[in-house]
Amino acid sequence: GLPVRTSGHGITLISGGFDSPVASYMMSKRGCKQTLAFFYAYPYVGEEVKDKIIEIARVLSRYQNGLKLYIFPFGEIQNEISKNCREEYRTLLFRKYMMDVASRLSYRLKADSLIMGDALGQVSSQTMQNMAVLDKACSRLVLRPLVGHNKIEIIDLARKIGTHDISIIPHDDACSLFAPKHPVIVPKYDYWNEYLEKNDSYELVKKCVKEAEVIKFNLRGEIID
């Protein structure tokens, strides 16, 4: 691969699953400096979810000295979205607001892109049409290094880099808690645009970024000041 920091800076949206840690590794291999962003849906999930993300970040810190993890309080935003949108659009809007928060952080840190662990067609929010509507609403370049991978390939890579045994640990997932029975596969732009016009996210996003917890790691995975 290429030396880290030679190919720009990305904000990686990280979760406790297999995909996003592997996506982070793949971008490190291409010389991309990264800052990790985790969306902590307290009080809908417990502390064990946060602890799991910290352990994943310890592994990923082997590939970048001084790796930073931003933990954003996201429960309030999820609650607001759930109250105001059509049920089938919940998951898609959760992801949109996550990208809004990560984009705001990217401007603050002068990062060039967002990095996501999406694989085409893997779940409802990762259809081509849903990825397209999210990208059109995002002001930053969105990179998806796993877009053509299947789950077996992703899990094999997770074993290789050392995140598999952490990712496989069960954890609460607020997105699943709020998940609609029939999530939208092909979004309607009329409704999407109407919702965004009527529901200004500026203050919620600003508050979420302001209240983030920041953890920094050295190459040994130790938390440093």
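We now turn to the structure provided with this report. (Residues numbered from 1 in each chain as written. Predicted model: local features only at pLDDT ≥ 70, side-chain atom pairs only at ≥ 80, totals over all residues. Heavy atoms only, no water.)

1. Looking at the packing of helix α4 (residues 90–109) against helix α10 (residues 202–210)
Moving on, step 1. α10 packs onto α4 with a crossing angle of 60 degrees between their chain directions and a minimal axis gap of 9 Å. As summarised for this structure, α4 and α10 are arranged oblique, according to the angle between their axes. By crossing handedness, the relation of α4 to α10 is classed as right-handed. Of the residues in α10, those in contact with Asp100, Val101, Arg104 and Arg108 of α4 are Tyr202, Val205, Lys206, Cys208 and Val209. (Axes fitted to C-alpha atoms, helices over the stretch in contact; angles between N-to-C directions. Helix = DSSP H or I, 4+ residues; strand = E, 2+ residues; numbered from the N terminus. Parallel < 35°, antiparallel > 145°, perpendicular 65-115°, else oblique. Left-handed = near helix turned anticlockwise from the far one by under 90°. Contact = heavy atoms within 4.5 Å.)

2. Observations concerning the packing of α4 against helix α9 (residues 189–198)
Moving on, step 1. The interhelical angle for the contact between α4 and α9, taken along N-to-C directions, is 50 degrees, at an axis separation of 13 Å. Classified by the interaxial angle, the pair formed by α4 and α9 is oblique. Between α4 and α9 lies a crossing of right-handed hand. Contacts between α4 and α9 pair Leu92, Leu93, Lys96 and Tyr97 from the former with Trp192, Tyr195 and Leu196 from the latter.

3. Concerning the pattern of salt bridges
Moving on, step 1. The full count for this structure, using the stated rule, is 13 salt bridges.
Moving on, step 2. Here Lys50 ties to Glu213 by a salt bridge, and the two come within 2.7 Å at their closest N and O atoms. With Lys50 in helix α2 (residues 47–60) and Glu213 in strand β6 (residues 213–217), this pair connects stretches of sequence that are 163 residues apart.
Moving on, step 3. Here Glu213 falls in the partly exposed class, since its relative accessible area comes to 32%. (Salt bridge = Lys/Arg side-chain N within 4 Å of Asp/Glu carboxyl O. Buried < 20%, exposed > 50% of the residue type's maximum accessible area, 1.4 Å probe, protein only.)

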